[in-house]
Structure formats: structure tokens, C-alpha cells
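# Structural characterization, general
These are the residues of each chain, in order.
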Amino acid sequence: MKNLRLLIVLMVLSLNAFSQQRPVVSTYMFNGLLLNPAYAGSLNLFSATATNRNQWVNVDGAPNAQSISAHTTWAENRVGTGLNIQRDAVGAHEQFSVYGSYAYKIRMSGGILAMGLQGGFDNRRTDFTKLNLKDANDPYLSGQLTRFNPNFGTGLYFANRKFFMGLSIPYILTPKIFAEENIASDAKEARYYYFNVGNVMELSPTVKLNPSFLLRMQQRANIGYDVNVNLILSDIVYAGVSYRSGDAVVFLTQLVLNENFRVGYAYDAVSSSLNAFTAGTHEIMLNYRKKIRGAKKDPLCPVYF
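Residues numbered from 1 in each chain as written. Predicted model: local features only at pLDDT ≥ 70, side-chain atom pairs only at ≥ 80, totals over all residues. Heavy atoms only, no water.

## Looking at the side chain of Ser26
- Its place among the elements puts Ser26 in the loop between α1 (2-16) and β1 (46-54).
- Overall, the relative accessible area of 2% leaves Ser26 in the buried class.
- Reaching out from Ser26, the side chain makes a polar contact with the side chain of Arg244 at a distance of 2.9 Å.
- Setting aside residues no more than four positions away along its own chain, Ser26 makes contact with Arg53, Arg244, Val250, Leu252, Ala266, Asp268 and Glu283. (Helix = DSSP H or I, 4+ residues; strand = E, 2+ residues; numbered from the N terminus. Buried < 20%, exposed > 50% of the residue type's maximum accessible area, 1.4 Å probe, protein only. Polar contact = N/O pair within 3.5 Å; in protein donor to acceptor, adjacent residues only side chain to side chain. Contact = heavy atoms within 4.5 Å.)

## Re the environment of His282
- When you line up the elements, His282 lands in strand β15 (residues 281-290).
- Its relative accessible area of 35% is what places His282 among the partly exposed residues.
- Residues His282 and Asn52, 230 residues apart in the sequence, show an inter-C-alpha distance of 8.3 Å.
- Here Tyr265 takes part through its side chain, which lies 2.6 Å from a polar atom of the side chain of His282.

## Quick notes on the packing of aromatic side chains
- Evaluated as defined, the whole model comprises 13 aromatic pairs.
- An aromatic cluster of three or more residues is present, and its members are Tyr39, Tyr157, Phe164 and Phe305.
- Across from the ring centre of Tyr171, 3.6 Å away, lies the NZ or CZ of Arg22, which sits over that ring. (Phe/Tyr/Trp six-rings, centres within 6.5 Å; stacked < 30°, edge-to-face > 60°. Lys NZ or Arg CZ within 6 Å of the ring centre and 35° of its normal.)

## A few points about the side chain of His71
- In this fold, His71 is placed in strand β2 (residues 64-74).
- His71 sits in the buried class, given a relative accessible area of 3%.
- Here Gly41 takes part through its backbone nitrogen, which lies 2.9 Å from a polar atom of the side chain of His71.
- Once residues within four sequence positions are removed from consideration, His71 is found in contact with Leu33, Tyr39, Ala40, Gly41, Ser42, Leu43, Leu45, Phe46, Ser47, Thr81 and Gly82.

## Notes on empty space enclosed by the protein
- Scanning the model with the defined rule gives eight cavities of 30 Å³ or more in all.
- In this structure, the largest cavity occupies an estimated 200 Å³ of space.
- Along the wall of the largest cavity there are 14 residues; nearest its centre are Pro23, Val24, Val25, Leu35 and Tyr194.
- By volume, the second largest cavity is sized at about 140 Å³.
- Tyr28, Met29, Gly32, Phe164 and Asn196 are, among the 15 residues lining the second largest cavity, the residues nearest its centre.
- Here the element with the most residues in the lining of the second largest cavity is strand β10 (residues 207-218); it accounts for three residues.
- Grouping the constituent residues of the lining of the second largest cavity by class yields ten nonpolar, five polar and no charged. (1 Å grid on protein atoms, 1.4 Å probe; cavity = no way out; pocket = protein on both sides within 12 Å on 5 of 7 lines; lining within 4 Å. Points joined across faces, edges and corners; volume = space filled by probe spheres on them. Nonpolar A, V, L, I, M, F, W, Y, C, P; charged D, E, K, R; others polar.)

As C-alpha cells, then:
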């Protein structure tokens, strides 16, 4: 009964307010394309990342999200392109998103400045047959609803081998989530603003410290932020902790298996009142990267971001 009451509250909020609509990913610092289209091609190689996130374990109908993203560089590291495919499900709602990214890069004395654009669509489906309704004949909660929303966004990203800073608005349009006459809802897609910054400091020949900060601003919602600290050991093992305001303390790690493969994991220990219902959140990430044949090593390209 606790899980049922919690799910009802979550769904009511999603139908009647500007709620959190895009999945929050804890390993975003290892996959900047999820936040900023200007990140495309920043590594001067081909990189593809798959992520699976199971949020609020033990809560029926809790958010569950998967993503596949890939990006590469072209034209002697002057242009980057990327692709993001995401699935996000919560309760009776399921959304698929596909976005392509383009970044144009300008070399500066201290690093590379990239200007990015992305465009794509969200396809949202609500299947009321998944609900256990008291009145199975309720005309307002029957059948399926679908909604197709195109969108676009932009961003800036500056980076060198030990520092990065990014600013993005990945989803500019704010269409209605439901447009059907029998759904009395003013819920809209939220416009997001992201600002993140970080650097790498060498503590010893084998130990580096990687602090970073993410500011998340969403229309008609409280400002959120993440404070992250990672230790990098021998450029192979990443171990860190994050604090996400009003939500969770995150423990995360990344292991460099070889020059092509990396695997990451994050556990969110919920710090809000939801901790009475859930055992936390698990997220796993797999990254594949490959040097581009004929591409020259760029001394300004990031190594750790």
C-alpha cells in the first residue's frame, strides 16, 4: 500500500505541474553529451556510451531510463557530431527521445571553444491499461495516449586537457505533454538550463583530484545543483562522491579496462523523504572509444572529461 500511495502521488504531480520530466543521470560527468550538444567531438575520437538507470528500487512503477549516445570528430577536429537515443519510463508513462548534435569548434590559446546545436523529437505514450483502477470504465483514464513533440537546443563548451566549462539549453520548446480534450492538464515540457565546470589537479604522479559542479535550472522549479569530487588513481580507477541538492548522496566509480573500454557504476542513496520507500538507485554505464584513423593527437583536447 505504501508503494501504491507513493505512485499515485508521483503521477498526480506529473499531470498537474512542471515536474522533473527528463531523467537525472548520475554518471553524466563521464558522458557530457547528455547535457550539452557542444560536447560532441570534444575527445577527438569516436566515443559511444550506454547507460541503464533503475531509480528508487522497490517502488512499483518507479522511473527507469536507458540511453545510448555516440559522438565523433571531423575535419581535423574542427567539427563534432553526435547522436542521443533515450528511453524514460515511469508508471504508465513511457517516452522515447532521439536527438542529433552538431558542434563547431574554435581553437583558442588556452583551449577549444565549441558551439553546439541539437535537434530531434520526443515520443511520449501513456498506457492507462497498466493502472489498477477502481473504476475500469473511467473515460478519463482509459486506452492509450500518444504525443509527438519535436524540439531543439543549443550550448557552449570550453575545454582543455585539465579544465572544462559548459552552458546549455538542450530543450528550448515547451509544448504541452497532453493535448487531448478529455485530459484536464496544464502540464508542459520544461525548459532546462545547465551550467557545469570542473578541473583536474595533480596531487602526485599517480593521484589526481577531479572536482566539478553542475547547476540545474528548470522552468518553474527550484534550482538544483550537484557537487562532485573524484579521485583518479593511475589514470585507471575513478572513485568519487556527489551531493545532489534535496535528492541524494551519490557514490560512483569508473574503471578504465583498456584503451577502448570503460565501465562505470553509481549508487544514489536517497536523502529526501522518499528514503522510507526505496533502497536507492542503481546506474551502470559502459563506454567504448576508438582513435580515428589519420587523426592527429590534439594537445588541447580533454583527457579526463
